[in-house]
Amino acid sequence: MGIVNLTPDSFSDGGLHLDPDTALAHAMRLVEEGANLLDLGAESTRPGSLPVATADELHRLLPVLRQLRPRVSVPISVDTTKAEVARAALDLGADVINDTSGVRADPDMAAVLAGSDCGVVVMHMQGTPRTMQQAPSYDDVVGEVAAWLAERLLTLTQAGIAAQRIILDPGIGFGKRLPHNLALLQHLDRLQALGRPLLVGASRKAFLGELLAEPLATARLAGDLAVAAHARAAGVDILRVHDVRAVQGFYRVLDALESGEA
Ligand code: HH2
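Keep in mind the model is a prediction, meaning the values are calculated, not measured. (Residues numbered from 1 in each chain as written. Predicted model: local features only at pLDDT ≥ 70, side-chain atom pairs only at ≥ 80, totals over all residues. Heavy atoms only, no water.)

Okay, the pairing of strand β4 (residues 96–99) next. Every second residue of β4 is oriented toward a common face, with V96 and N98 on one face and I97 and D99 on the other, all of them buried. Sheet topology places strand β3 (residues 76–79) next to β4; three bridges connect them, and they run parallel. Note that in β4 the partner of D79 across the bridge is N98. This β-α-β element, β3 to helix α3 (residues 83–91) to β4, shows right-handed connectivity. Across four bridges, β4 lies against strand β5 (residues 119–123) in parallel orientation. (Buried < 20%, exposed > 50% of the residue type's maximum accessible area, 1.4 Å probe, protein only. Helix = DSSP H or I, 4+ residues; strand = E, 2+ residues; numbered from the N terminus. Pairing = 2+ DSSP bridges. Right-handed = clockwise from strand over helix to strand, strands pointing away.)

Let's shift gears to helix α2 (residues 54–68). Between its first and last C-alpha atoms α2 spans 21 Å; for 15 residues at 1.5 Å apiece the expected length is 21 Å, and the two agree. Where α2 bends most, the angle comes to about 30°, and this point is L61, followed within four residues by the proline P63. Those residues of α2 that fall on the buried side of the exposure criterion are E57, L58, L61, L62, V64, L65 and L68. Elements in contact with the buried residues of α2: α1 (20–32), β2 (38–41), β3 and α3. (Expected span 1.5 Å × (residues − 1). Bend = angle between axes of the 7 residues up to and from the residue. Contact = heavy atoms within 4.5 Å.)

A few words now on empty space enclosed by the protein. This model, assessed by the stated rule, comprises one cavity of 30 Å³ or more. What lines the largest cavity is A202, S203, D224, V227, L239, R240 and V241. Contributions of two or more residues to the lining of the largest cavity are made by α9 (221–234) and β8 (238–240). (1 Å grid on protein atoms, 1.4 Å probe; cavity = no way out; pocket = protein on both sides within 12 Å on 5 of 7 lines; lining within 4 Å. Points joined across faces, edges and corners; volume = space filled by probe spheres on them.)

In this section: the packing of aromatic side chains. What describes a pair of aromatic rings is the distance from one ring centre to the other and the angle between the planes of the rings. A full pass over the atoms with the stated rule returns one aromatic pair. A centroid spacing of 6.1 Å and a plane angle of 50° characterise the contact between F250 and Y251, whose relative ring orientation is tilted. Given a relative accessible area of 17%, Y251 falls into the buried group. (Phe/Tyr/Trp six-rings, centres within 6.5 Å; stacked < 30°, edge-to-face > 60°.)

Lining the immediate environment of the ligand, one finds 18 residues, of which S10, T45, D169, K205 and H242 sit closest. Measuring from an oxygen atom of the ligand, one finds a backbone N or O atom of G201 at 3.2 Å. Protein chains shield 99% of the accessible area of the ligand, which is 480 Å² for the free molecule. In this structure the site holding the ligand corresponds to the largest pocket. For the shell around the ligand, a count of residues per class yields five nonpolar, eight polar and five charged. (Near = heavy atom within 4 Å. Polar contact = N/O pair within 3.5 Å; in protein donor to acceptor, adjacent residues only side chain to side chain. Areas by Shrake-Rupley, 256 points an atom, 1.4 Å probe, with all protein chains shown as cover. Sits in = over half its atoms within 2 Å of the grid points. Nonpolar A, V, L, I, M, F, W, Y, C, P; charged D, E, K, R; others polar.)

For the rest of this paragraph, the subject is the packing of α9 against helix α10 (residues 244–258). It is the contact of α9 with α10, at a shortest axis distance of 10 Å, that shows an interaxial angle of 50°. Taken together, the axis directions place α9 and α10 in an arrangement best described as oblique. The chirality of how α9 crosses α10 is right-handed. Judged by residue contacts, L221, L225, A228, A229 and R232 of α9 engage A246, V247, F250, Y251, L254, D255 and E258 from α10. (Axes fitted to C-alpha atoms, helices over the stretch in contact; angles between N-to-C directions. Parallel < 35°, antiparallel > 145°, perpendicular 65-115°, else oblique. Left-handed = near helix turned anticlockwise from the far one by under 90°.)

Our focus in this paragraph is the pattern of salt bridges. By the definition in use, this model includes 10 salt bridges. For the salt bridge of K82 with E43, the shortest nitrogen-to-oxygen distance reads 3.2 Å. Of the two residues, K82 sits in the loop between β3 and α3 while E43 sits in the loop between β2 and α2, which places them 39 residues apart along the sequence. Exposure remark for K82: the relative accessible area of 12% places this residue in the buried category. Judged by relative accessible area, E43 falls into the buried class, the value being 13%. A salt bridge links D79 to R240, with the nearest nitrogen and oxygen atoms 3.4 Å apart. Here the residue D79 occupies a position in strand β3, and R240 occupies one in strand β8, the gap between them amounting to 161 residues. Taken as a pair, D79 and R240 share a single burial class, namely buried. (Salt bridge = Lys/Arg side-chain N within 4 Å of Asp/Glu carboxyl O.)

Set out below in structure tokens:
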């Protein structure tokens, strides 16, 4: 899953693709580089960020989605927690709604999703983006995230969203400190036991910056590749990344090394 941020303030690439033509070119480049799925986001969820007005989110998203949809054949996901944005995106041909609130932020979201046949990413977050990194706390992070995702799965299927449409995501970096992120990545099998595909998004995130002693988000590729290797070995279904070209190249070389063919 290649990330296309249409925001002025995303933590690693805010402002780079604000102009619709630049965003479109970026999205199409990610597909050329091997993205099998695109994720368009018009609201940053970085730690400390505040919600964006619906009109602003629509204004950033719709012109790009409208132009992109007929130009690429890969599925398009839209990263939003707002029912109105999801509805407009689905009308323009989005295939997946990626809701970082786990379909909790907007009381109308579940009904919009139930009325469509789109894929739905349900992500775990402790708190809200504004406050989530102030004091994340768990007794048993893996158990609590697994139980939370299981509860969301049940509630959403009862709301008319078939389980087969749902993808689960531990929400790396969303109300989690370094040990929490590591524990979740080390025990992905406990989340896979819920029986749904798993999405992992760790690209350029702060915990990698801590491990690498690298304050610059765009300089954390070594961490992204380590997560890519780990996720592949763990059988993660969707890896959400900024650097599609590097991750696809990394996988191609691993394929060659592991193929047994000389
Ligand atoms: N991470 C970010 C945004 N959306 N969605 C899912 N499902 N999983 C994630 O881990 C995830 C996500 C944060 O990354 P980014 O989009 O680069 O930053 P920002 O929220 O600042 O735009």
